[in-house]
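# Observations on the three-dimensional arrangement
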Amino acid sequence: MRNVLAHKGRLLMTALAIMLGTAFVAGTMVFTDTLGAALKSQNARSFTDVAVAVTDDGAGNRSYDRGSRTKAGPALTEEVRRRIAQLPGTADARGVVSGFAGIADRKGNLIGNGFSTTGTNYVPGPDGTDGRYPLVEGRGPRTGTELALDTHTAGKGGFKVGDTVRVAVNGPVMELELTGLLDTRDPRVQAGGSLAAFDTATAQRLYLTHPDQFSAIDVRSKPGTDDRQLLAQVQQLLPKAEAVTATTGADLAAEQDRQIAKATQGLSRALLAFAGISLFVGIFIIANTFTMLIAQRTREIALLRAVGAARRQITRSVLVEALLTGTVASAAGLVAGTGIAIGFRALVNGPLDANLPDGPLVLAPVTVLATFGVGIAVTVLAAWLPARRAARIAPVAAMGNGEQPATQKSLLVRNLIGGVVGLLGAAGLVLGASTKETGLVGAGAGVLLVGVFVLTPLLCRPLIALFSPVLGRLYGTPGKLARENALRNPRRTAATASALTVGVTLITALTVVGASVNHAVDRESSVDDRADYTVTMANYSVLSPEVGAQIAKAPGVAASSVERTVEVEVGGETRWLTGVDPATIDQVATLAVKEGSADALRQGKVLVSDGFSRYQRVGLGGTLEVVYPDGSTAKLVVGGVLDPSAALGGLVVPDALVAPHAPGVGLDKVLVKGANGADAALRQAIKDATGGNPLIAVKGPDDLKAESREMVTAALNVMYGLLGMSVVVAVLGVVNTMAMSVFERRREIGMLRAIGLDRRGIGRMVRLESLLIALFGAVIGIGLGTVVAWAGNRTLRDSFKDLTTVVPPVQILLFLVLAAVIGLLAAAWPSRQASRLNVLDAIKSE
């Protein structure tokens, strides 16, 4: 207790490091528990009026239909709904139709995101209202020229009852009259999406392939009816179809709760992994702090040993110090983490406009136990080795000043262990890269990282020597002294630098992988695609089948080709078959053929990928028997084998062979070549041809590259943000080491001042030492990160054509510059303290 109070200033940075790590843990658990509880509460309210839910996964939804072979005819018809409604225990049987509907604002832009633009049917009761969607204003839609919107979407678009609203599904825009504003508990709308309600007949026409069909039927029971008995009665009325399932509302809500729990647990695990990285970095700081504290208290420990203190007592006293520090820091981390969770929820619901459901803050007992358990365990374990070293100091040897130097034997053993561990990690990394096993690459990277950490004292001298000539020439004596100070205790320098190495390694690995993927995508786009524009749905669903013909007739279009993918059966296995326009596909896409000719498409033949050809052992002139989505069969002759670099893969045939067997199946994309190349006029002509649908995206090659880069960049930015905590902890470690080094070397600093080194020189010496440590950690981290990224890229080569490891020089240089800045900033306070020491007081200090 006395030691903790006596050295509370020197333990401050350690406590802050623990607090940040435990705050990350507590904040993650509080936020995900609160989110999960709110979602479950919202989910429970969504199923309060559903006793039995019947769904038809085989219903042919026009919005999403990609030609699945499991699709059957209509199963949940109006007749089925009517029979269910007539059951004794049924209060109401609601036929449900759903899909997506993009709402355009007054500027023609999509309201909300493309993935949660929901369309459904409005089912009025005897009083003309729909209990599921209470009216706030106006009335429900009654004809195909009317719709109702949720209040949130109407507010975003500035719409009032009576206004004309532009709505689109996957074809041309419809202009409908807004007849009412609705309230809804739909979680997709709560999360920032939109809801458009149509009359049932219009919704069936827009979303389903059969007019007399529902995608689901929700059954409400009469008071006193047992839901499971009603479920059994409903099941007897359902057609025998594999895709049709029925369950109670309670079971459905419970399943949704399990899905919510699974999703929040996945989010929690991902965030806790980054919290673990921060705590791992904190281990270096804790171990370094206690090592330095013990070195500074050798005389005190010697006196305790001399008056009878046993080794076990010394060890326990140090561990109790760690226990107290960890407990206080964990308590602060719990409070800070709870504040972080509150702040993050406000951020998500405020500026980010995610509209997460509201609910009380959840601080579960397991969160408190985990926060204190992790914080205390990490602190005590990190202090265990320094405590053991303290106990091994002999009373007589400890009577002198200073830290006991490491013996040659101990350094030799450490280097041997580090070398063996490093070689094992490198072997695992290379093996994982060659076998494309991601798990093995991850394990090898972890073991290699540990091996390098063990070897860092050995690497310290040659790597720091790289910067020494520059420091000597630029800064003279302070530069030389900074180098000597950094090399005086290689273990301490290594431990401080290793904390920064962890973050730099991970950040470098992510950056190199991101740059490599971006380079591969850019190369693939420039080589594969000859099209000036690619037309797709913004939410990656399918385009309406007639869109291809509409675009082909647009002014300025020289050539265009659809791509329609359907699920077929070949040789007893499910495959994807892509239909294209054989007359124009070679003008808008690269069809590199290694055997045969792309002209075989014009003859009604099939082109197969090189991988499929080798797997099925079918070559040029061979025959494939294909089962189409409608169950009909055909024999296709192989007219060519595609090169792996071709834009298309799998099985490619003329779309004229696909369309008759997949009625209503939408298009994946339309590739367009302009008569005058890509220009604004052509883009606008394509938009006009598709009716100005806000959900239809017209993208040029640069747009596609930018889209891919945005996804990679967004993922990297999230990772950088989460890894930022570990970098902050590492900075605290550098500050802590430099501050304690200044305290430890007070007499030495006083002597330097006495023989002529001025205050500026002292401060510069401390700052340059910190700079060397930071650059040392950054150089090791960049090297390790690049190696790990190379291995990781090898596991991704099946997903990206010609993926090679690209090391971005600008970003790497930026990391070195940032490391230098971190080192200088971390030394700002310690260097100030050192330069302000009184010369006489410093010389006479012990």
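Let us look at the overall build of the protein chain. Regarding its fold elements, the protein chain presents 27 helices and 22 strands. Considering only C-alpha atoms, the protein chain reaches an extent of 95 × 70 × 50 Å along its principal axes. Across the 846 residues in the protein chain, those meeting the buried criterion constitute 48%. Summarising the internal contacts of the protein chain: among those between residues at least 6 apart in sequence, 82% fall at separations of at least 24. For the protein chain, the accessible area works out to roughly 37500 Å², and carbon and sulfur atoms hold 60% of it. Across the protein chain, the mean location of the 83 positive side-chain charges is 16 Å away from that of the 69 negative side-chain charges.

On to the packing of aromatic side chains. The full count for this structure, using the stated rule, is five aromatic pairs. Between phenylalanine 31 and phenylalanine 344, the aromatic rings sit 4.7 Å apart at their centres with planes inclined by 75°, giving edge-to-face as the arrangement. Taken as a pair, phenylalanine 31 in helix α2 (residues 12–46) and phenylalanine 344 in helix α10 (residues 311–349) lie far apart in primary sequence, 313 residues in all. Ring geometry for phenylalanine 280 versus phenylalanine 284: centroids 5.4 Å apart, planes at 85°, classification edge-to-face.

Let us now look at the sheet that holds strand β12 (residues 244–248). Spatial strand order, β2-β11-β1-β12: four strands in an open sheet with antiparallel pairing. Among the strands making up the open sheet, the edge pair consists of β2 (90–96) and β12. On average, each strand axis in the sheet is inclined to that of its neighbour by 15°, with strand direction left out of account. Relative to β12, strand β1 (residues 52–56) is paired through five bridges, and the arrangement is antiparallel. Pairing of valine 52 across the sheet is with threonine 248, part of β12. Lying over the sheet, helix α3 (residues 78–85) contacts β2 and β11 (216–221), oriented at roughly 165° with respect to β2.

What follows deals with the confidence of the model for the protein chain. In low-pLDDT segments, the atomic positions of the prediction should not be examined closely. Averaged over all residues, the pLDDT of the protein chain is 84; the fraction at 70 or higher stands at 91%. Low pLDDT (under 50) marks residues 62–72, which in the prediction has 48 contacts with non-local residues, meaning those over four places away or in another chain.

With that out of the way, let us pick up the environment of threonine 633. Relative to the assigned elements, threonine 633 resides in strand β19 (residues 633–642). It is 9.6 Å that separates the C-alpha atoms of threonine 633 and valine 568, two residues lying 65 residues apart in sequence. Once residues within four sequence positions are removed from consideration, threonine 633 is found in contact with Val626 and Val627.

Before going further, it helps to examine the side chain of serine 498. Tracing the backbone through its elements, the reader meets serine 498 in helix α16 (residues 490–528). Residues in contact with serine 498, not counting those within four places in the same chain, are Phe284, Phe453 and Thr456.

Here the focus is the pairing of strand β21 (residues 669–674). In the case of a regular strand, side chains alternate between the two sheet surfaces. Where strand β13 (residues 533–537) and β21 come together, three bridges link them in antiparallel fashion. Directly across from valine 535, in β21, lies its bridge partner valine 670. The sheet contact formed by strand β14 (residues 557–570) and β21 spans six bridges and is antiparallel. The partner of alanine 559 across the bridge, within β21, is lysine 673.

A cluster of basic residues, Arg311, Arg388, Arg389 and Arg392, forms a positive patch on the protein surface. Following the sequence through the fold, arginine 389 ends up in helix α11 (residues 365–392). Residue arginine 389 is classed as partly exposed on the basis of its relative accessible area of 33%.

On to the pattern of salt bridges, then. The final tally for this structure, using the stated rule, is 17 salt bridges. The partner of arginine 81 in a salt bridge is glutamate 78, with the nearest N and O atoms 2.8 Å apart. Highlighted residues: arginine 81 and glutamate 78, both in helix α3, separated by three residues, approximately one helical turn. Arginine 81 sits in the buried class, given a relative accessible area of 19%. Aspartate 218 is the partner of arginine 132 in a salt bridge, and the nearest nitrogen-oxygen pair spans 2.7 Å. Of the two residues, arginine 132 sits in the loop between β5 (117–122) and β6 (135–138) while aspartate 218 sits in strand β11, which places them 86 residues apart along the sequence.

A few words on the environment of leucine 304. Along the chain, leucine 304 falls in helix α9 (residues 298–306). Given the relative accessible area of 39%, leucine 304 is considered partly exposed. When neighbours within four sequence positions are excluded, leucine 304 is seen to be in contact with Ala309 and Ile314.

Scanning the entire structure with this criterion turns up one cavity of 30 Å³ or more. One number sums up the size of the largest cavity: a volume of about 40 Å³. Lining the largest cavity are Pro582, Ile585, Asp586, Leu591, Ala598, Asp599 and Arg602. When grouped by side-chain class, the residues that make up the lining of the largest cavity number four nonpolar, no polar and three charged.

Glancing now at helix α26 (residues 828–835). Listed as buried for α26 are Pro830, Ser831, Ala834 and Ser835. For α26, the buried positions fall inside an angular range of 130° around the axis, keeping them on one side. Residues of α26 that are buried in the fold lie against α22 (701–744), α23 (746–754), α24 (759–795) and α25 (809–826).

Cut-offs applied
Residues numbered from 1 in each chain as written. Predicted model: local features only at pLDDT ≥ 70, side-chain atom pairs only at ≥ 80, totals over all residues. Heavy atoms only, no water. Helix = DSSP H or I, 4+ residues; strand = E, 2+ residues; numbered from the N terminus. Buried < 20%, exposed > 50% of the residue type's maximum accessible area, 1.4 Å probe, protein only. Contact = heavy atoms within 4.5 Å. Areas by Shrake-Rupley, 256 points an atom, 1.4 Å probe, with all protein chains shown as cover. Lys, Arg positive; Asp, Glu negative; His and termini not counted. Charge placed at Lys NZ, Arg CZ, Asp CG, Glu CD. Phe/Tyr/Trp six-rings, centres within 6.5 Å; stacked < 30°, edge-to-face > 60°. Pairing = 2+ DSSP bridges. Axes fitted to C-alpha atoms, helices over the stretch in contact; angles between N-to-C directions. pLDDT = per-residue confidence, 0-100. Patch = residues over 30% accessible without salt bridge, like charges linked within 9 Å, V, L, I, M, F, W, Y side chains within 5 Å. Salt bridge = Lys/Arg side-chain N within 4 Å of Asp/Glu carboxyl O. 1 Å grid on protein atoms, 1.4 Å probe; cavity = no way out; pocket = protein on both sides within 12 Å on 5 of 7 lines; lining within 4 Å. Points joined across faces, edges and corners; volume = space filled by probe spheres on them. Nonpolar A, V, L, I, M, F, W, Y, C, P; charged D, E, K, R; others polar. Arc of directions from axis to C-beta.

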